[in-house]
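Residues per chain are reported as follows:
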Amino acid sequence: MHRRSQDYDFFRRLQPSVFKIMDGGPPDYQFARDNLPNSLVIARDWALSEQHSDMLKDPVSTGERHAREWDKHQARLGFERAKTLILGINEPHIWEPGVPEALRQYTIAMCEEATKLGLRVGAMQLSVGWPNNDGPDTPPNWSQWHGVDNAIRANNGALVTHEYWADKGPLENWGWWAGRVLKCPWQVPIVIGEAGVDMFVKDASVPHASRGWRGRMSEESYASDLFTYTERMMADSRFVGNAVFAADHAAPEWFSFDIEPACQAILALPVPA
């Protein structure tokens, strides 16, 4: 958000498998091109990603329009089409009536239009804990999005979901908070678009300003949790990487998520293998 020099130095040294840019400008994509040659860039436009009502009202036209808007953004931002995943609707409200089917149509339309334009899609962006399961001890139900997996493969895109955990680390409730996406039956690349500690998964009464990891654990403990999560996810060959939420923050309520104090502790750990 503020283009802090220490953030650029951190990513330059980390050489992450994925590098997510939120509402970035040409300098951010230039940094990725010049310094992160092996990173898959994930591009999010906040305003576009929040057009939930448009998707519900006209999913096909909205999906096609979003692909075309990203095509125009590319000319301005200069990101590399072959090494970038463009994102659509963020955390769709699939618990609301009509949204699952709208998301299915929207995602297929966006992938098909993006393919024509030479763009790759990071599809779905489901929030932590979704999709729901149909009963106790049953796996999450992905059948409501039939055809989306084929569209992702045809586009050379990836499935994107968000996974968070609470203060006891990613292994608490493993497979339902963190690790849930590994129960998806689709044979497509998997990218975690947001990950880390968010106490909201366990306690909805926690004030927004203190939901993250800061003030709850040491930098070394958080780095260890991120290492554990990444190592467990890497056991699945579909896993590409995870974008920890977040480096820097746009609004004060996200301050407790900022990884900046833990960056040196993260760099001190070996890359999971």
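In this text the structure is predicted, and so the values were computed from the model without any measurement.

Account for the pairing of strand β3 (residues 84-87), with residues named and values stated.
Burial along β3 is two-sided: Thr84 and Ile86 and Leu85 and Leu87, pointing in opposite directions, are all buried. Pairing geometry for strand β2 (residues 40-44) and β3, over three bridges, is parallel. In the strand pairing of β3, Ile42 is matched with Leu85. Bridge analysis of β3 against strand β4 (residues 120-126) gives three bridges, and the strand direction is parallel. The residue bridging Leu87 from the neighbouring strand is Gly122, located in β4. In terms of handedness, the path from β3 via helix α6 (residues 99-116) over to β4 forms a crossover that is right-handed.

Let's hear about the pattern of salt bridges: which residues, and what values?
Scanning the model with the defined rule gives 20 salt bridges in all. One salt bridge connects Arg4 with Asp258, and the closest N-O pair in it is separated by 2.9 Å. With Arg4 in the segment before α1 (5-14) and Asp258 in the loop between β7 (239-244) and α9 (263-268), this pair connects stretches of sequence that are 254 residues apart. By the burial criterion, Arg4 is buried, and Asp258 matches it. Residue Arg81 is joined to Asp71 by a salt bridge in which the shortest nitrogen-to-oxygen separation is 2.9 Å. Taken together, the residues Arg81 in the loop between α5 (59-77) and β3 and Asp71 in helix α5 connect sequence positions ten residues apart. If you follow the salt bridges from partner to partner, you end up with Arg4, Asp7, Arg214, Asp248 and Asp258 in one network.

About the cut-offs
- Residues numbered from 1 in each chain as written.
- Predicted model: local features only at pLDDT ≥ 70, side-chain atom pairs only at ≥ 80, totals over all residues.
- Heavy atoms only, no water.
- Buried < 20%, exposed > 50% of the residue type's maximum accessible area, 1.4 Å probe, protein only.
- Helix = DSSP H or I, 4+ residues; strand = E, 2+ residues; numbered from the N terminus.
- Pairing = 2+ DSSP bridges.
- Right-handed = clockwise from strand over helix to strand, strands pointing away.
- Salt bridge = Lys/Arg side-chain N within 4 Å of Asp/Glu carboxyl O.

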